[in-house]
Amino acid sequence: IHAHELAGLPIGRAIKQATGAALIYDAHELYRDMTDGAPWYWKIIASWETRLMGGCEAIIACNSDRARIMRDEYGAPFLPTVIPNMPLIQQYSPSTLLQEKTGSQATGVTRLVLYQGAIMVGRGLEILPRALVDLPSHIGIVLVGGGDENFKAELGRLAADLGVAQRFFLLPAVLQTELFPFTCSADAGIVIYQNTCRNNYYCAPNKLYEYCAAGLPMVGADLPPVSSFLSEHDVGTVFDPEDPASLAGAIRQVCGDEDLHRRYHDNCLDAAPRLTWEARSQVDLLELYASVTGGPVRQ
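Given the structure is predicted, the values throughout are model-derived calculations rather than measurements.

1. So, a nonpolar patch on the surface
A cluster of nonpolar side chains, namely I1, I11 and I15, defines an oily patch on the protein surface of about 250 Å² accessible area. For I11, the position within the fold is in helix α1 (residues 5-19).

Following this line, the structure appears as structure tokens:
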């Protein structure tokens, strides 16, 4: 029984008790270290999660920092297996889809920096339009994703108040199967979380791998998993997620230095084949299934 998310764990435990099946808990977050919810609520959740993890044959975490915290502080009976959030393999192909959807070239924007993902409070997205104030007029920022429509409108008003609305674009969410051409058409990608909780501080963003597959040089929040990834693969530079000027400086560096941009682009495409579901995550998962069941597992 593969129980996804904390909400799936008690269901998986009940099925295990009824059938005798092995139970795997796939923890997508550090649930006790998220910002929402009252302290009493998380105290109950903590006790509940610790107790239920004791009946698991395997536990999965998205990165090594989260695995360590789950063992050392959450009461996991052993170190969880790390299986990263890697996407299915996709072949890079140059695209102009973002330029077409935004009409950016008509406003003199020749470089588009992309944020793709949930558009929501708590990720620090407010600094994106503020960073544009310190960037040259040929650089724009585009957000692609679903989320709080009121917050989206608030971001649009902020861009207008700052005088950068003509370089700040908000596009709706697209299907995951249709997203890749959007990603391939950007000039750089933004990975941003604010250090509002340990779940953010030890984030596990899919965007790192998605941007790599699209050959997209990155500017990433200076948080351990992000900075480590950018350094290891030499695919981008970090910024202070609380400081619009720091973000602007990182974008200026990545988009303004042609040699650096080309190096990051080439390194992304070099690393991408190793950072896919088929090459890494699926292999790790099947190995974990085999260890739990005591035999080979068919795909």
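2. Description of unusual backbone geometry
Positive phi, close to 70 degrees, is recorded for E5, a residue that is not glycine. Considering the arrangement of structural elements, one finds E5 in helix α1. Assessed through its relative accessible area of 30%, E5 is described here as partly exposed. For D234, which is not a glycine, the phi torsion comes out positive at approximately 55 degrees. Counting through the fold element by element, D234 comes out in the loop between α10 (224-233) and β10 (236-239).

3. Comments concerning the packing of α1 against helix α2 (residues 39-53)
Between α1 and α2, the shortest axis-to-axis distance is 10 Å and the interhelical angle comes to 45 degrees. The angle between α1 and α2 places the two elements in the oblique class. When the axes of α1 and α2 are compared, the crossing they make is left-handed. From α1, L6, L9, P10 and R13 reach across to α2, where they touch I45, W48, E49, R51, L52 and M53. Tallied by class, the residues present in the contact of α1 with α2 amount to seven nonpolar, no polar and three charged.

4. Quick notes on the packing of aromatic side chains
This structure, assessed with the given rule, holds four aromatic pairs. Between W40 and Y41, the ring centres sit 6.2 Å apart and the planes meet at 90 degrees, which makes this aromatic pair edge-to-face. Residue class for W40 comes out exposed when judged on its relative accessible area of 58%. Look at Y41 and you get partly exposed, because its relative accessible area is 37%. For the pair Y209 and F229, a centre-to-centre distance of 5.5 Å together with 90 degrees between the ring planes defines the contact as edge-to-face. On the criterion of sequence distance, the pair formed by Y209 in helix α9 (residues 207-213) and F229 in helix α10 is long-range, its members being 20 residues apart.

5. Focus on the sheet that holds strand β4 (residues 81-82)
Pairing is parallel across the open sheet formed by four strands, whose spatial order is β1-β2-β3-β4. Each edge of the sheet is formed by a strand with only one pairing partner; in this case those strands are β1 (2-4) and β4. Across two bridges, strand β3 (residues 58-61) lies against β4 in parallel orientation. Bridge pairing in β4 places I60 opposite T81. In the packing of helix α3 (residues 64-72) onto the sheet, contacts are made with β2 (24-26), β3 and β4, and the angle to β3 comes to roughly 135 degrees. Each of β1, β2, β3 and β4 touches helix α13 (residues 277-293); the most contacted strand, β3, lies at about 165 degrees to it.

6. A closer look at the packing of helix α11 (residues 244-256) against helix α12 (residues 258-271)
It is the contact of α11 with α12, at a shortest axis distance of 5 Å, that shows an interaxial angle of 85 degrees. It follows that α11 is roughly perpendicular to α12 by the angle criterion. Contacts between α11 and α12 involve Q253, V254, C255 and G256 on the former and, on the latter, E258, L260, H261 and Y264. Residues of the contact of α11 with α12, tallied by class, amount to four nonpolar, three polar and one charged.

7. Let's talk about the pairing of strand β7 (residues 168-171)
Bridge analysis of strand β6 (residues 139-144) against β7 gives four bridges, and the strand direction is parallel. When the sheet's bridge partners are listed, I141 is paired in β7 with F168. Once the chain exits β6 it traverses helix α6 (residues 149-162) before rejoining the sheet at β7, and the crossover so formed is right-handed.

Cut-offs and rules
- Residues numbered from 1 in each chain as written.
- Predicted model: local features only at pLDDT ≥ 70, side-chain atom pairs only at ≥ 80, totals over all residues.
- Heavy atoms only, no water.
- Patch = residues over 30% accessible without salt bridge, like charges linked within 9 Å, V, L, I, M, F, W, Y side chains within 5 Å.
- Areas by Shrake-Rupley, 256 points an atom, 1.4 Å probe, with all protein chains shown as cover.
- Salt bridge = Lys/Arg side-chain N within 4 Å of Asp/Glu carboxyl O.
- Helix = DSSP H or I, 4+ residues; strand = E, 2+ residues; numbered from the N terminus.
- Buried < 20%, exposed > 50% of the residue type's maximum accessible area, 1.4 Å probe, protein only.
- Axes fitted to C-alpha atoms, helices over the stretch in contact; angles between N-to-C directions.
- Parallel < 35°, antiparallel > 145°, perpendicular 65-115°, else oblique.
- Left-handed = near helix turned anticlockwise from the far one by under 90°.
- Contact = heavy atoms within 4.5 Å.
- Nonpolar A, V, L, I, M, F, W, Y, C, P; charged D, E, K, R; others polar.
- Phe/Tyr/Trp six-rings, centres within 6.5 Å; stacked < 30°, edge-to-face > 60°.
- Pairing = 2+ DSSP bridges.
- Right-handed = clockwise from strand over helix to strand, strands pointing away.

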